Amino acid sequence: MSNDELATSTRVVAPRDLVYFERRTKLLLAGGLIFITTLMIFLTLQPSLIFRNNTPTGGDMGAHVYGPAYLRDHLLTSLRLSGWSNDWYSGLPIYRFYMVVPALFIVALDILLPYGIALKLVAVAGLLALPLCTWLFARLARLAFPIPELLVVASTIFLFDESFTIYGGNIASTMAGEFSFSISLAFAVLGFGVFWRGIETGGYRIAATILLALSALSHGIVLLFAFLGYLLILAMHKEPAKWKYGAPVIGTAVLLSAFWVLPFLLNHAYMTDMKYEPQPSGFGEGWVEMFFPLHIVFDVLITGFAVIGFLSALWRRSTVAAWLGIYGVLLAIGVFVARESLPIIGLLWNPRVLPFLYLVRYMLMMIGIYEAIVAVGRYVSLERAAARVAKSGEE
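For clarity, every value in this text was computed on a predicted model and none was experimentally measured. (Residues numbered from 1 in each chain as written. Predicted model: local features only at pLDDT ≥ 70, side-chain atom pairs only at ≥ 80, totals over all residues. Heavy atoms only, no water.)

Draft legend 1. Main features of the overall build of the chain. Assigned secondary structure in the chain consists of 16 helices and two strands. With the C-alpha coordinates aligned to their principal axes, the bounding extent of the chain is approximately 95 × 55 × 50 Å. Put simply, 73% of the contacts in the chain that link residues at least 6 apart link residues at least 24 apart. Split by element, the accessible area of the chain, about 20,900 Å² in all, is 67% carbon and sulfur. Treating the 27 positive side-chain charges of the chain as one cloud and the 24 negative ones as another, the clouds have centres 8 Å apart. (Helix = DSSP H or I, 4+ residues; strand = E, 2+ residues; numbered from the N terminus. Contact = heavy atoms within 4.5 Å. Areas by Shrake-Rupley, 256 points an atom, 1.4 Å probe, with all protein chains shown as cover. Lys, Arg positive; Asp, Glu negative; His and termini not counted. Charge placed at Lys NZ, Arg CZ, Asp CG, Glu CD.)

Draft legend 2. Broad picture of the pattern of salt bridges. With the rule as written, the count across this model stands at five salt bridges. Here Arg 316 makes a salt bridge to Glu 371, at a shortest N to O gap of 3.0 Å. Here Arg 316 is found in helix α14 (residues 296-316), whereas its partner Glu 371 is found in helix α16 (residues 354-394), with 55 residues between them in sequence. Taking relative accessible area as the criterion, Glu 371 reaches 14% and is therefore assigned buried. (Salt bridge = Lys/Arg side-chain N within 4 Å of Asp/Glu carboxyl O. Buried < 20%, exposed > 50% of the residue type's maximum accessible area, 1.4 Å probe, protein only.)

Draft legend 3. Just the confidence of the model for the chain, in detail. Here the chain averages 89 in pLDDT, and 92% of its residues register 70 or above. The secondary structure element of the chain with the lowest average pLDDT is helix α1 (residues 3-9), at 53, and the one with the highest is helix α7 (residues 147-160), at 97. (pLDDT = per-residue confidence, 0-100.)

Draft legend 4. Just the nonpolar core, in detail. In terms of nonpolar packing, the biggest core is built from 101 residues, with Phe 137, Phe 158, Phe 192, Phe 195, Phe 225, Tyr 230 and Trp 323 touching the most fellow members. No other element matches the 14 residues that helix α9 (residues 179-201) contributes to this core. Setting aside residues no more than four positions away along its own chain, Tyr 230 makes contact with Gly 191, Phe 192, Phe 195, Ala 208, Leu 211, Leu 212, Val 249 and Ile 250. (Core = buried A, V, L, I, M, F, W, Y, C linked by side-chain atoms within 4.5 Å.)

Draft legend 5. Region of interest: the packing of aromatic side chains. Counted under the stated rule, the structure contains 22 aromatic pairs. On the numbers, 6.4 Å between centres and 50° between planes, the contact of Phe 105 with Phe 187 is tilted. Taken together, the positions of Phe 105 in helix α5 (residues 101-109) and Phe 187 in helix α9 put the pair 82 residues apart, joining distant regions of the chain. Accessibility expressed as a relative area gives 18% for Phe 187, which makes it buried. The structure contains a cluster of three or more aromatic residues connected by ring pairs, namely Phe 137, Phe 181, Phe 192, Phe 195, Trp 196, Phe 225, Tyr 230, Tyr 245, Trp 323, Tyr 327 and Phe 356. (Phe/Tyr/Trp six-rings, centres within 6.5 Å; stacked < 30°, edge-to-face > 60°.)

Draft legend 6. A nonpolar patch on the surface, seen in detail. Among the surface-exposed residues, Phe 35, Ile 36, Leu 39, Met 40, Leu 43 and Phe 160 lie close enough to one another that they form a single nonpolar patch of about 570 Å² accessible area. When residues in the nonpolar patch are grouped by element, the largest group, five residues, is from helix α2 (residues 15-44). For Phe 160, the position within the fold is in helix α7. We classify Phe 160 as partly exposed; its relative accessible area is 30%. (Patch = residues over 30% accessible without salt bridge, like charges linked within 9 Å, V, L, I, M, F, W, Y side chains within 5 Å.)

Draft legend 7. Summary view of the environment of Leu 314. Here Leu 314 shows up in helix α14. Since its relative accessible area comes to 45%, Leu 314 is described here as partly exposed.

Encoded structure:
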């Protein structure tokens with residue numbers, strides 16, 4: 001083969017092509033992981049039952065059948081989102097003390113699907129959305145590969161965690177009727193990522209504001225997690241320009257959600273008190289069991305790697321990962337603080353704070369696992385390099 005033929009047959013790969021190939025490969029890997037985890041969740045939820053035209057029940061789920069139908073048939077026809085019903089007791093307020101946004105989703109989907117199917121699809125929507133929302137959070141916050149993908153794994157582990165069944169967020173709690181919680185949590189996690197990117201670039205104001213407002217309007221407890229998360233993100237930036245961006249976003253979200261949030265907070269004295277005892281109650285589990293509900297081996301591994309993830313974030317000055325660690329500490333403190341309820345807000349069963357702590361801890365765990373693997377890899381590489389140098393010196 002002549003030199004001309006060899007030059008023609010040999011294609012020079014430009015650096016730009018390599019970068020494009022690398023990005024495309026990473027996106028394909030992320031897309032495959034999100035698809036697999038979402039499919040796992042969907043199959044666990046038994047799609048044959050989701051698409052069966054019947055009345056949802058189980059746990060508190062049966063109590064949620066009435067509300068969206070009343071909203072559709074009586075309130076929306078009068079251009080109202082809340083009102084009064086005489087169907088139970090001597091009358092009760094409708095969507096004054098419960099979140100209306102998930103009900104609106106059900107009513108909208110009911111236009112196309114039978115009511116029972118529409119309700120069940122909305123009930124599982126937050127679970128199915130969380131892996132994608134987690135990946136988008138990490139990508140928008142500019143966490144490097146493979147951290148976004150590892151956080152998808154973390155959120156999936158959280159969903160399959162069976163150590164709690166009513167606190168909210170995981171599959172077990174959602175199937176017991178806490179589907180508004182999981183929807184709100186997905187909005188909050190995605191909102192964190194959008195807010196991080198917005199503070200960095202100055203854009204995404206509308207998206208960050210709407211996601212925060214939707215999270216607040218979808219569940220009153222996740223409202224606290226979402227707003228405090230936004231405030232902590234803002235507090236980690238000292239520049240006046242960042243505050244000039246972040247404060248109006250949070251303030252506008254407060255105004256957008258005020259039509260429901262303010263009556264909810266200011267009229268909490270009229271809410272039904274479930275009479276749940278603050279935990280630990282002194283019977284059965286204690287603080288250790290609350291914070292570490294799994295087998296001791298899993299708790300040690302999860303918490304150990306989470307500590308490694310937090311410390312490595314501080315060492316590397318990774319602001320986003322450090323935010324996760326600081327927020328985890330604040331959430332743990334919040335479990336203690338909320339034991340005697342909260343000022344203004346009033347009723348709050350303190351174990352309801354635990355799902356946020358568990359989710360953050362799982363995320364830090366995956367970061368810690370990655371950092372540990374990288375550290376071991378570097379150590380092995382240095383040992384091999386030192387051995388080669390020593391061997392060449394002997395020769």
